[in-house]
Each structure stands twice: as C-alpha cells, then as structure tokens.
Amino acid sequence: MKASKSVFTRSVTTNRSIATKSIATKLMTTASVGALLMGMTAVAQADNWRYAHEEYEGDVQDVFAYAFKEHIEENSDHTIQVYRFGELGESDDIMEQTQNGILQFVNQSPGFTGALIPEAQIFFIPYLLPTDEETVLTFFDESKAINEMFPALYAEQGLELLKMYPEGEMVITTDEPISSPEDMRNKKIRTMTNPLLSETYDAFGATPTPLPWGEVYGGLQTGILDGQENPIFWIESGGLYEVSPHLTFTGHGWFTTAMMANQDFYNGLSEDDQTLVQEAAQAAYDHTIEHIKGLADEALESIQAASDEVTVTRLNEEQIQAFRDRAPQVEEAFLKMTGDKGQELLEQFKADLEAVTNQ
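Residues numbered from 1 in each chain as written. Predicted model: local features only at pLDDT ≥ 70, side-chain atom pairs only at ≥ 80, totals over all residues. Heavy atoms only, no water.

Asker: If you had to explain the overall build of the protein to someone new, which residues and values would you point to?
Answerer: Scanning the protein from N- to C-terminus turns up 16 helices and 10 strands. By the burial criterion, 56% of the 359 residues in the protein qualify as buried. Contacts in the protein between residues far apart in sequence, at least 24 positions, make up 77% of those at least 6 positions apart. Summed over all atoms, the accessible surface of the protein reaches about 15,000 Å², with 49% contributed by carbon and sulfur. (Helix = DSSP H or I, 4+ residues; strand = E, 2+ residues; numbered from the N terminus. Buried < 20%, exposed > 50% of the residue type's maximum accessible area, 1.4 Å probe, protein only. Contact = heavy atoms within 4.5 Å. Areas by Shrake-Rupley, 256 points an atom, 1.4 Å probe, with all protein chains shown as cover.)

Written out as structure tokens, the structure is:
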C-alpha cells in the first residue's frame with residue numbers, strides 16, 4: 001500500500017497544477033457560468049452542501065471533513081460532498097469558490113489565508129507556539145485569541161470561522177542535513193504564498209521560494225527547490241522524503257488550519273441548522289484531535305521503514321537558540337503588516353500561551 005500511495009502521489013503532482021487550474025477556470029472565469037453555479041448552489045444547499053479541503057485521502061483535513069460529514073448526515077437530511085486536494089483547484093481556488101458561494105465549507109491553512117487576513121499569519125512567527133503536543137492542544141481549546149478574536153477577523157471577509165485546529169509540528173526537509181542558520185544559507189526553501197513565512201525563512205538565512213503545492217515534489221526532484229517544511233504526516237503522505245530525505249526538527253512552529261463556511265450561506269440557515277453545523281464542527285474537532293495524537297511518531301516510523309536515505313536531526317537547545325535568536329525580526333515584520341489589530345492579537349496570543357503554560 002505504501003508503495004502504491006507514493007506512486008500515485010508522484011504521478012498526479014506533476015499534472016495537478018495544469019489540471020486543477022483548468023477546473024477552476026471552468027468554474028470561475030465567466031460570469032454566466034458563475035451565475036449558473038450560484039443558482040445551482042442556492043437550490044442544492046437545502047440538501048447537499050459542498051466542502052473542499054487542501055489535503056489527500058486519509059490526511060488530517062480529510063479526517064476532519066469526513067467526521068463533520070458523518071455528524072451532519074447522521075443528524076439531518078442534509079448531505080455533504082467532500083472535495084480533496086486538486087479536485088477543484090489549489091488553496092486559492094477553493095477559497096475564492098467559497099467566498100463566491102459555490103462551496104458552502106472550506107478548510108484552509110492561515111498559510112494561504114494570510115494574504116486575505118494578514119493577522120492569520122501570526123502562526124508563522126517562529127517559536128511563538130510551544131512544541132509540546134499537550135500544551136498546544138490545550139492552547140487551541142482555551143485561547144481567547146483563537147476562539148473569540150479570530151472569528152471577527154474572518155467575518156470581515158465573508159467567512160464564518162467554525163474551528164481552528166493544529167495538525168502537527170513543522171519539520172524542515174532538505175537536500176542535505178542542516179543544524180544551524182549557516183547551513184540554511186542560499187537554500188531555496190519552498191514556502192506557501194504567505195509574506196510572513198517568507199520573512200521567517202529569510203531570517204533563517206534561506207532563500208524563500210513560494211510555489212504551489214502541486215509543483216513541490218517535482219521542484220525538489222529537479223533541484224528547483226532545496227527543501228520545504230510540513231508536518232511529518234504530510235511529508236510521509238506526499239512522499240516528500242523520497243526527494244528531500246534529510247529531516248530536521250527545529251521546534252519553530254505548528255501547522256495550523258481553519259474550517260469555515262460562506263457567511264451568507266451560514267446566516268441563511270435556520271437556527272436548528274446553525275446549531276447542527278456548530279455541533280458537527282465540534283464533533284469533527286474532538287475526533288481530529290484524538291486522531292493526531294501519536295500521528296507524527298507513526299508517520300516518522302513509516303518514513304524510516306520506507307527509505308534508508310532518510311536522516312533525522314533533532315536540534316539541541318543550543319542549536320535551537322541560534323534559530324530562535326532570529327525570530328524577533330519576524331515578529332516585527334508581522335506587526336508592520338497588521339498594525340494595531342495585529343498588536344492586540346499578538347498580546348492576547350501571548351497571554352493565552354502564558355496562561356496555558358503556567359497551568
């Protein structure tokens with residue numbers, strides 16, 4: 001199964017960029033098609049809701065989506081149609097479709113939403129979140145910044161934020177082992193289309209290289225890229241270790257994602273259906289949090305069993321400090337991008353983290 005999954009990944013990633021853009025073009029480039037789809041959506045939303053996410057079958061966002069689907073369908077006459085990565089385009093495509101009402105629900109990382117909601121980039125300030133899984137999960141449950149402040153920011157963009165949740169600690173993969181910012185010098189590291197993430201890798205000494213996900217495997221394989229970052233389960237699922245075999249745990253952050261609804265759609269639901277959607281999102285969150293516990297260790301074991309070329313470097317505290325010393329300039333860049341709103345959010349974020357850490 002593992003081999004076939006990797007073959008599938010390699011075979012589709014090279015064609016996804018062209019294919020998915022073609023699909024997105026059919027959906028969105030003409031006013032007449034857009035109007036038709038909007039009309040179809042209005043008729044269909046009473047019994048069939050569309051939900052797109054950014055990952056593959058069995059990955060964390062897919063687990064969340066299907067737990068949400070199961071709760072909705074077991075407790076109502078509604079059905080949920082789930083679209084995985086590439087079926088309706090890349091992240092920017094599915095967000096546009098959600099804002100236009102073609103999709104009712106979308107799961108998208110702040111790594112992409114950051115261009116739309118600059119404050120969402122807070123998750124890319126390195127060394128802001130702890131690395132301890134239990135502390136991170138408690139923070140997401142209890143944080144005022146996440147559960148009270150972020151919904152208002154998303155609402156300004158016509159989005160009803162239903163849940164934010166962590167997927168896993170970020171791990172850097174490269175073409176050769178690294179243990180210091182000096183080792184990162186001139187390394188072309190793939191980043192999402194997120195200005196603050198580019199600032200982070202610039203601070204780390206690398207050359208940030210924004211690239212759509214569908215082009216990452218090929219970019220690593222051909223040397224267009226020297227490395228990338230992702231949670232370990234995604235490195236395993238996407239077969240990235242095959243072309244970028246040196247894994248480094250720097251402890252600099254967690255991959256975070258958000259599940260949301262088109263706000264006009266959500267506001268048009270009955271009170272009972274709004275409650276149903278909220279309960280389904282909570283049920284999916286609870287299920288997914290249990291799912292990710294231990295997931296990183298399992299994925300790393302699978303990677304090491306699959307390849308003798310893989311190396312794993314876990315930085316010690318002194319090595320981590322060399323990277324952490326470069327974090328303040330990223331925080332400064334975040335505040336310049338986001339102004340007073342970003343300052344208020346960052347202060348609350350830090351207060352929430354302190355409260356959780358001191359428990």
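Asker: Break down the environment of Asn107 for me, with residues and values.
Answerer: Looking at the secondary structure, you find Asn107 in strand β3 (residues 105-108). A relative accessible area of 0% places Asn107 in the buried class. If we ignore the near neighbours within four places in the chain, the residues touching Asn107 are Tyr51, Ala52, His53, Glu54, Gln61, Phe64, Ile94, Tyr165, Thr257, Ala258 and Met259. Here the side chain of Asn107 touches Tyr165 through a polar contact of 2.8 Å, side chain to side chain. (Polar contact = N/O pair within 3.5 Å; in protein donor to acceptor, adjacent residues only side chain to side chain.)

Asker: Describe helix α7 (residues 144-155), naming the residues involved and giving the relevant values.
Answerer: Spanning 12 residues, α7 covers 16 Å between terminal C-alpha atoms, matching the ideal 16 Å at 1.5 Å per step. Ala145, Ile146, Met149, Phe150, Leu153 and Tyr154 are the residues of α7 that are buried. One side of α7 holds all its buried residues, which, seen down the axis, span an arc of 140°. The elements touched by buried residues of α7 are α5 (110-113), α6 (133-142), β4 (159-174), β9 (254-262) and α16 (327-357). Structurally, the start of α7 carries an N-cap: the backbone nitrogen of Ala145 is 3.2 Å from a side-chain oxygen of Ser143. (Expected span 1.5 Å × (residues − 1). Arc of directions from axis to C-beta.)

Asker: Go over the pairing of strand β2 (residues 79-83) with me, naming the residues and quoting the values.
Answerer: When strand β1 (residues 48-52) meets β2, the two strands line up parallel, connected through five bridges. Among the inter-strand pairings, Arg50 is bridged to a residue of β2, identified as Gln81. A crossover links β1 with its parallel partner β2, the connecting element being helix α3 (residues 60-74), and its sense is right-handed. (Pairing = 2+ DSSP bridges. Right-handed = clockwise from strand over helix to strand, strands pointing away.)

Asker: Run through the pairing of strand β5 (residues 188-191), naming residues and quoting values.
Answerer: Across four bridges, β5 lies against strand β6 (residues 207-210) in parallel orientation. Within the sheet, the bridge partner assigned to Arg190 lies in β6 and is Thr209. Following the backbone out of β5, through helix α9 (residues 195-203) and into the adjacent parallel β6, one traces a crossover that is right-handed.

Asker: I'd like a description of the environment of Asn316, backed by residues and values.
Answerer: Looking at the element boundaries, Asn316 is found in the loop between β10 (311-314) and α15 (317-324). With relative accessibility at 40%, the residue Asn316 sits in the partly exposed group. C-alpha separation for the pair Asn316 and Thr250, spaced 66 residues apart in sequence, amounts to 8.7 Å. In this structure the side chain of Asn316 is engaged in a polar contact, spanning 3.1 Å, whose partner is the backbone nitrogen of Glu318.

Asker: I'd like a description of the pattern of salt bridges, backed by residues and values.
Answerer: Applying the stated criterion across every chain yields a total of 11 salt bridges. The salt bridge involving Lys187 is made with Glu176; its shortest N-O contact spans 2.7 Å. With a gap of 11 residues between them, Lys187 in the loop between α8 (181-184) and β5 and Glu176 in the loop between β4 and α8 connect regions that are remote in the sequence. Judged by relative accessible area, which is 7%, Lys187 ranks as buried. Residue class for Glu176 comes out partly exposed when judged on its relative accessible area of 40%. Of the charged contacts, one joins Lys188 and Asp226 as a salt bridge, the two residues approaching to 3.3 Å between their closest N and O atoms. Linking Lys188 in strand β5 with Asp226 in the loop between α10 (216-222) and β7 (227-231), this pair joins segments that are 38 residues apart in sequence. (Salt bridge = Lys/Arg side-chain N within 4 Å of Asp/Glu carboxyl O.)

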